[in-house]
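# Residue-level structure breakdown
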Amino acid sequence: MDEFNDEVLVGLALQLVGDVLFFSSSEDSEDDDHDFELAVPFVTAKNAIPRMENYVENIVPQFDDGQFKSHFRMLPETFEFILKIIAPKLVRKKPGCPTIQPNKQLLLAIWKMATPDSYRSICEKFNVGRATALKCVRRVVNALEILAPAFIAWPNEERSMVIRNGFFATSNFPNVIGAIDGTHINIPAPRDHPESYVNRKGHHSIQLQAVCDHQCKFIHCYAGNVGSVHDQRVFRLSDLNEDIHNPSKFLNNSHIIGDAAYTLQEHLLVPYRDNGHLTEKQKNFNFCHSSARMAIERSFGLLKGRFRSLLTTLAMERVDLIPKYIIACCVLHNICLLKNDDFPSTVELLPEAVQYHDQVGGNVAVNRLGVIKRDDICERLSIRNV
């Protein structure tokens with residue numbers, strides 16, 4: 001995406017938004033007010049909750065770039081870029097009460113994503129009711145999720161060359177176009193089948209599988225599996241399970257890299273299992289492999305550092321809406337990096353304990369090609385300080 005200017009990106013994104021015609025009709029249906037969580041208690045003039053007035057209208061415009069970014073996790077220029085793309089989808093198409101301004105809806109949704117604040121505090125800050133806040137977040141999430149194909153895209157041949165050079169420069173590992181891993185987004189215990197959401201750390205969670213490039217931009221994202229599912233099964237359920245066998249996705253003998261939770265394949269290289277008898281060259285392979293694979297850990301750290309609602313416990317009761325919310329955060333993550341809008345994350349995610357996948361069985365021919373390729377790279381890698 002680096003080679004495109006803002007006008008091309010906005011045009012592509014607006015085309016994606018416009019193509020989803022059903023979005024407007026379904027988004028304004030009568031049942032939408034009940035789409036998120038709990039019904040809003042009836043509020044009378046006597047028990048009305050005091051709220052901050054004119055925060056968006058009077059206070060936010062006074063922020064300088066640094067103050068705006070500290071509150072909303074991005075520069076005003078990036079915010080305006082996003083607003084230009086999704087503003088048409090934040091306006092009600094049917095007659096009735098007018099919706100609040102698109103910029104206010106986007107600011108509210110970003111605040112929800114960027115902080116662990118409750119809806120109570122968000123409503124007080126933005127001077128809206130709970131139902132309105134829920135509706136704003138849903139509109140923005142839906143609009144951003146539509147943009148995913150434009151901003152989370154597998155690299156073409158030219159971009160793949162840039163990525164391979166980037167990974168090689170930092171790790172000495174050749175022909176890498178992406179690093180894959182999964183991360184857990186903690187959620188409250190769901191009402192239905194809560195036991196299936198418990199991950200190996202004992203938390204209820206939804207999984208995000210992602211592949212990133214050397215600059216920590218996501219080139220593939222897949223969210224929605226319950227926390228108890230193994231990384232390799234998440235991989236098999238994703239589109240990447242088919243794409244990994246598509247030569248057009250891996251030009252010039254390229255590959256992605258992942259930890260030992262994944263099955264070794266020709267285009268997915270994993271480290272040698274350390275059984276205490278690795279050769280010096282195999283240890284060197286693992287060292288270079290790990291150096292390249294750290295890009296995905298940094299990506300998750302940046303994602304959760306910028307959008308801290310993903311870091312603690314994501315307070316959403318509608319489990320079916322959580323995957324869209326996660327993908328929307330990933331889209332914003334990529335847009336921010338695309339606009340060179342870095343965020344100094346203080347989040348350091350510890351690598352999760354690897355559940356080794358049994359390499360026996362499966363597609364033996366594909367595994368054999370992976371073994372040959374891995375051994376060949378291992379022999380040719382220059383020795384680094386292990």
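For the structure itself, consult the block above.
Structural notes, computed from the coordinates. (Residues numbered from 1 in each chain as written. Predicted model: local features only at pLDDT ≥ 70, side-chain atom pairs only at ≥ 80, totals over all residues. Heavy atoms only, no water.)

## Re the pattern of salt bridges
Put simply, the rule reads: When a carboxyl oxygen of Asp or Glu is within 4 Å of a side-chain nitrogen of Lys or Arg, the pair counts as a salt bridge. A run of DSSP states H or I qualifies as a helix once it reaches four residues; a run of E qualifies as a strand once it reaches two. Both are numbered from the N-terminal end. Relative accessibility under 20% of the residue-type maximum defines a buried residue, over 50% an exposed one, and the middle range a partly exposed one, all with a 1.4 Å probe and only protein chains included.
In this structure the tally under the stated criterion is seven salt bridges. Note that Lys-104 is salt-bridged to Glu-57, the shortest N-O span being 3.9 Å. With a gap of 47 residues between them, Lys-104 in helix 6 (residues 102-114) and Glu-57 in helix 3 (residues 55-59) connect regions that are remote in the sequence. Between Arg-318 and Asp-320 there is a salt bridge, and its shortest N-O distance comes to 2.7 Å. Overall, Arg-318 belongs to the partly exposed group, its relative accessible area being 26%.

## Brief notes about the side chain of Ser-238
Here is the rule we go by: Here a polar contact is taken to be a pair of N or O atoms separated by no more than 3.5 Å, where protein atoms must pair a possible hydrogen donor with a possible acceptor and residues adjacent in sequence count only if both atoms sit in side chains. In this analysis, two residues are considered to be in contact whenever any of their non-hydrogen atoms come within 4.5 Å of each other.
Relative to the helices and strands, Ser-238 is located in the loop between helix 11 (231-237) and helix 12 (240-243). For Ser-238, a relative accessible area of 4% puts it in the buried group. A polar contact is formed between the side chain of Ser-238 and the side chain of Gln-209, at a distance of 3.1 Å. Setting aside anything within four residues of it in sequence, one finds Ser-238 in contact with Gln-209, His-220 and Tyr-222.

## As for the sheet that holds strand 2 (residues 205-212)
Hydrogen bonds between backbone groups are what pair the strands of a sheet, and the pairing can be parallel or antiparallel. Here is the rule: Any two strands are treated as partners once DSSP identifies two or more bridges connecting them. Axis definition: a line fit to C-alpha positions, over the contact stretch in the case of helices; interaxial angles, taken between N-to-C directions, run 0 to 180 degrees.
Ordered in space as 3-2-1-4-5, the five strands form an open sheet in which the pairing is mixed. At either margin of the open sheet sits one strand with a lone partner, and together these are strand 3 (218-226) and strand 5 (268-269). Sheet topology places strand 1 (residues 176-186) next to strand 4 (residues 255-257); three bridges connect them, and they run parallel. For Ala-179, the partnering residue across the bridge sits in strand 4 and is Ile-257. Where helix 10 (residues 157-171) meets the sheet, its contacts fall on strand 1 and strand 2, and the angle it forms with strand 1 comes to roughly 80 degrees. Sitting on the sheet, helix 13 (residues 280-306) touches strand 1, strand 2, strand 3, strand 4 and strand 5, and the angle it makes with strand 1 is about 40 degrees.

## Looking at the packing of aromatic side chains
For clarity, the cut-off: Side-chain rings of Phe, Tyr and Trp, where Trp is taken by its six-membered ring, are said to pair if the distance between their centres is within 6.5 Å; with planes under 30 degrees apart they count as stacked, over 60 as edge-to-face, and otherwise as tilted.
Under the defined criterion, the tally for this structure stands at 13 aromatic pairs. Note on Trp-111 and Phe-126: the rings are 6.2 Å apart at their centroids and 75 degrees apart in plane angle, and the pair reads as edge-to-face. With Trp-111 in helix 6 and Phe-126 in helix 7 (residues 119-126), this pair connects stretches of sequence that are 15 residues apart. A centroid spacing of 6.0 Å and a plane angle of 70 degrees characterise the contact between Phe-235 and Tyr-262, whose relative ring orientation is edge-to-face. Taken as a pair, Phe-235 in helix 11 and Tyr-262 in the loop between strand 4 and strand 5 lie far apart in primary sequence, 27 residues in all. On the accessibility criterion, Tyr-262 (1% relative accessible area) is buried.

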